[in-house]
Amino acid sequence: GWRWLSNLFGISAEKPIEGEAKRRHHARGHADHQNRHRPRSPSVHSRAHSSSTTPGQSLLHDPASHVALVRAHGDASDEQSARGARTPRPCLERAASYGPLQRTASMHATTRASGHAAVRAVAHAAVHTPGSVDDGAPRENSDSEDESDTPSTIKSRLFRLIPSSTRATVVIFGADGDLSSRKILPAVFDLWTQGHLPHDVLLFGFARPRDGGGTLSTESEFRQHVRSHVQLGRGRDEVAISEFAERCHYVTGQFSDANAMQTLLREIEAQESRRRKLRNVSAQWLHATKRHADEADVAAERDDVRMYYLALPPFLYAQVTNALYRARAEMCSSQGGDASPYALSPNVAERYVLEKPFGRDTESCAALVSDLSALKARDTFFIDHYLGKELVMNLFVLRFANVCFGALWNRHHIKSVQVIFKEKLGVEGRAYFDHYGIMRDVMQNHLLQMMAMVAMEQPSSLSAEDIRAEKLKLLRAVTPLALADLVTGQYTSSDTHVGYREEACIANKASNTETFAVAVLYVHNPRWDGVPFVLKAGKALTDSKVELRIQFHQVPGMLPALGNCAANELVVRVQPEEAIYWKVQNKVPGLEFKVEQLRMDLLYKQKFVNDKVPPAYERLLLEVLANDHSHFISAEELDAQWRIFSPALHEIEARQIAPDPYPFGSRGPPQADHLAQLLGLKKFGGGLTEYVFQSERIAQEQEQQQ
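Residues numbered from 1 in each chain as written. Predicted model: local features only at pLDDT ≥ 70, side-chain atom pairs only at ≥ 80, totals over all residues. Heavy atoms only, no water.

Right, let's get into the environment of Leu375. Positionally, Leu375 belongs in the loop between α16 (362-371) and β6 (380-383). For the pair Leu375 and Arg351, spaced 24 residues apart in sequence, the C-alpha to C-alpha distance is 9.1 Å. (Helix = DSSP H or I, 4+ residues; strand = E, 2+ residues; numbered from the N terminus.)

What follows is the structure in structure tokens.
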């Protein structure tokens, strides 16, 4: 075990140092420690330290970190020997290529149970080593060229939202569906392999049986389903995939069947009870050996956390929660206890994750929230995964940590704000889309939330309550959408693809469901009065991207020689190829005076080479388990969002207004460009023309109506 640890981390294979020898060892200092402890694997050692770190941040050359690592590995090795299990050797190449903290996460992910205590001790040592923790003090600007090439990072420990002692259980309803297969299962697996979820996490899938409309029938089929979908990522470890699949269980039944829910709950209770016993045995061993007593107490007393993810259409939410309630009531009654609405055990914290769209209008949304009123607000998570995207979250830092943007972020400098969602694909077999359309499916939730992040005032803190309060204030200041500020479209056939109505999954061949929409909204407050906020969403367009475009006014009183210069624009590319860039005017090098608009850009894949941009679902699943609502929507926000769009949606349906046609693979209907020109834009998605005054726009609209 010591030799294995030495080969992996390039440290001495001697046993832990105790007593006076330990004190003298620390006093000798960092340099003497390096000279006395030569690595056994020079190649790995040299690669491991190729990253740029300060001496205080090093986990391998610091005496305190060394002792903590050796001790913890001794504890973990003893525990592993007691269990009689064999530890797989981790990939040294992968661990060596990471920085110290990333090596910690990598070791945790690959060694799993055997190295678990060691990793935790290393991360702990990194936090408590002098010089390794950022003290939070502001840093002065520096003219150092080296600093400009390396992004400033504040990273003092292995990131973890939930402690490793948490007993987590993930339950997915609709586990055989598209959302579960493409997003949730890979996200849970990645969190588990990265060490952000406890090693003994449990995953349960629930879906309809094959003869009842489902696609899977047995637990073995579900485990194979899990394997096939988590293997879609790069660099998957077959051993880890097999081990994760063994932690997955499966129950079938109808979503309204209380008996099927009883079967599910009993299986969950049985597996959680087994896990609890194993945890207690581990805690007793820690007490018996008088090691990590505080950790043993936490591990023994930690409550279970159970997350129910309803990857289902919204009309099934009430069926699932009511069936769970009836199942619990019958189970409690059979045990001679009182029925508890949504908690079988007081030691189990249960959280419910609900996917959009939340209703079809204000009334249906209110009915949905009412049906779920038995759930406590603190246990209910209305998820909008765009709020978990890296570039959307970065809007807080971009706006509130840069004084230049704070001064410009108002109607005096900003001409328009565009929130754009474009897809090259059509509906791709999603039959549910015909019941909602692009406005309900994307615009009313994803794009409106992104708009709120751009336009909201600075919250008092980053707590969920303060963030939600500011977003709600902003949404309530938005005037309801008018039909004059809306263009809808539906894609038709082209040389390469069939039209929307000819799609095999669309039953109504005369459907008027929109696949394209542009809506112009206005915020009635002192900061944004008169500024158009353009929300654009469409399928079957020229390309796929999601971005924010903040377009500024022309420079007032501009010199005649610069009169043809375009206005500045700030673009935040959310996906793909995450980036932030300014479009500014610059003189082209040469003897002649020529000005050209150029991009000052921050491309994430180039600047953050060693930093992974985490998928939104990974972040949000962790926040659910941590009971953090910061990036989730409140019921009040849902009501405010529907209040903006419901009047226009109802008027379209009442008047049976057909969407404008556009060919598959085009930019959308021409009517959208006309609306852009009324706002002084060449088109939506980029480009500015001369400013069109409000009076001119009103005159043009009146002329068009006549």
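A few words on the packing of helix α19 (residues 437-455) against helix α20 (residues 464-476). In contact at an axis separation of 9 Å, α19 and α20 are set at 105° when each is read in the N-to-C sense. With respect to α20, the element α19 is oriented roughly perpendicular. Contact residues: Leu448, Gln449, Ala452, Met453 and Ala455 in α19; Lys471, Leu474 and Leu475 in α20. A breakdown of the residues in the contact of α19 with α20 according to their chemical character gives six nonpolar, one polar and one charged. (Axes fitted to C-alpha atoms, helices over the stretch in contact; angles between N-to-C directions. Parallel < 35°, antiparallel > 145°, perpendicular 65-115°, else oblique. Contact = heavy atoms within 4.5 Å. Nonpolar A, V, L, I, M, F, W, Y, C, P; charged D, E, K, R; others polar.)

What follows is about the pairing of strand β1 (residues 167-173). Burial of β1 is extensive: seven of the seven residues sit out of reach of the surface. The alternating pattern of β1 places Arg167, Thr169, Val171 and Phe173 and Ala168, Val170 and Ile172 on opposite faces, both of which are buried. When β1 meets strand β4 (residues 304-310), the two strands line up parallel, connected through seven bridges. Across the sheet, residue Ile172 finds its bridge partner in β4, namely Tyr309. In the sheet, β1 pairs with strand β2 (residues 202-207) via five bridges, with the strands oriented parallel. Among the inter-strand pairings, Val171 is bridged to a residue of β2, identified as Phe204. Handedness of the crossover is the feature at issue here: the chain leaves β1, passes through helix α10 (residues 178-193), returns alongside β2, and the resulting connection is right-handed. (Buried < 20%, exposed > 50% of the residue type's maximum accessible area, 1.4 Å probe, protein only. Pairing = 2+ DSSP bridges. Right-handed = clockwise from strand over helix to strand, strands pointing away.)

Confidence along the chain averages 75 in pLDDT terms, with 68% of residues attaining 70 or more. When the elements of the chain are averaged for pLDDT, helix α6 (residues 92-96) gives the smallest value, 36, and strand β9 (residues 516-522) the largest, 95. Of the regions scoring below 50 in pLDDT, residues 1-137 engages in 190 contacts with residues more than four places distant in sequence or in other chains. (pLDDT = per-residue confidence, 0-100.)

This brings us to the packing of aromatic side chains. Enumeration according to the criterion identifies 20 aromatic pairs in this entry. A connected cluster of aromatic rings, assembled from ring pairs, spans Phe173, Phe206, Phe255, Tyr308 and Tyr352. Taking NZ or CZ as reference, Lys389 lies 5.0 Å from the ring centre of Tyr386, over its face. (Phe/Tyr/Trp six-rings, centres within 6.5 Å; stacked < 30°, edge-to-face > 60°. Lys NZ or Arg CZ within 6 Å of the ring centre and 35° of its normal.)

This part is about the packing of α16 against helix α23 (residues 635-655). Helices that pack against each other are described as a pair by the angle of their axes relative to one another and the distance between those axes. Between α16 and α23, whose axes approach to 8 Å, the crossing angle comes to 150°. It follows that α16 is roughly antiparallel to α23 by the angle criterion. For the pair α16 and α23, the contacting residues are Thr362, Glu363, Cys365 and Val369 in the first and Ala635, Leu638, Asp639, Trp642, Arg643, Ser646 and His650 in the second. Class assignment for the residues of the contact of α16 with α23 results in five nonpolar, three polar and three charged.

Attention now goes to unusual backbone geometry. The peptide bond linking Lys356 to Pro357 adopts the cis configuration, its omega dihedral lying at 0°. Mapped onto the elements of the fold, Pro357 is located in the loop between β5 (348-355) and α16. Positive phi outside glycine occurs at Asn627, with the angle close to 60°. Tracing the chain through its elements places Asn627 in the loop between α22 (616-625) and α23. Given a relative accessible area of 30%, Asn627 falls into the partly exposed group. At Gln656, a position not held by glycine, the phi torsion is positive, near 50°. Topologically, Gln656 is positioned in the loop between α23 and β15 (660-663).

Our next topic: α19. For α19, spanning 19 residues, the distance from its first C-alpha to its last is 26 Å, which sits close to the expected 27 Å at 1.5 Å a residue. Maximal helix bending in α19 amounts to about 45°, located at Met443. (Expected span 1.5 Å × (residues − 1). Bend = angle between axes of the 7 residues up to and from the residue.)

Turning our eyes to something else, we now look at the sheet that holds β1. Strands belonging to one sheet form pairs held by backbone hydrogen bonds; the direction of such a pair is parallel or antiparallel. Here we have six strands laid out as an open sheet, ordered β3-β2-β1-β4-β5-β6, and parallel in their pairing. The open sheet has two free edges, formed respectively by β3 (248-252) and β6, since each of these has just one partner strand. Within this sheet the neighbouring strands show an average axis-to-axis angle of 20°, counted without direction. Here β4 pairs with β5 via seven bridges, running parallel. Across the sheet, Tyr309 pairs through a bridge with Val353, a residue of β5. The strands touched by helix α15 (residues 317-334) within the sheet are β1, β4 and β5, with β5 carrying the most contacts at an inclination of about 160°.

Moving on to the nonpolar core. General note: in soluble globular proteins, nonpolar side chains tend to be found buried as a group. Of all hydrophobic cores here, the largest spans 111 residues; its most connected members are Phe173 and Phe645. No other element matches the twelve residues that α19 contributes to this core. Contacts of Phe173, omitting those with residues within four sequence positions, involve Phe206, Phe255, Met261, Leu264, Tyr308, Tyr309, Leu310, Ala311, Leu312, Val320 and Leu324. Core analysis: the next-biggest nonpolar cluster, separate from the first, contains 40 residues, Val170, Ala175, Met307 and Phe381 among them. (Core = buried A, V, L, I, M, F, W, Y, C linked by side-chain atoms within 4.5 Å.)

The next point concerns the pairing of β6. Residues Thr380 and Phe382 of β6 are buried on one face, and the alternating residues Phe381 and Ile383, pointing to the opposite face, are buried as well. Pairing between β5 and β6: four bridges, direction parallel. Each bridged residue has a counterpart across the sheet, and for Glu355 the counterpart in β6 is Ile383.

Our next topic: the pattern of salt bridges. This model, assessed by the stated rule, comprises 28 salt bridges. A single network of salt bridges, built from pairs that share partners, joins Lys545, Glu547, Arg549, Glu569, Arg573 and Lys583. (Salt bridge = Lys/Arg side-chain N within 4 Å of Asp/Glu carboxyl O.)

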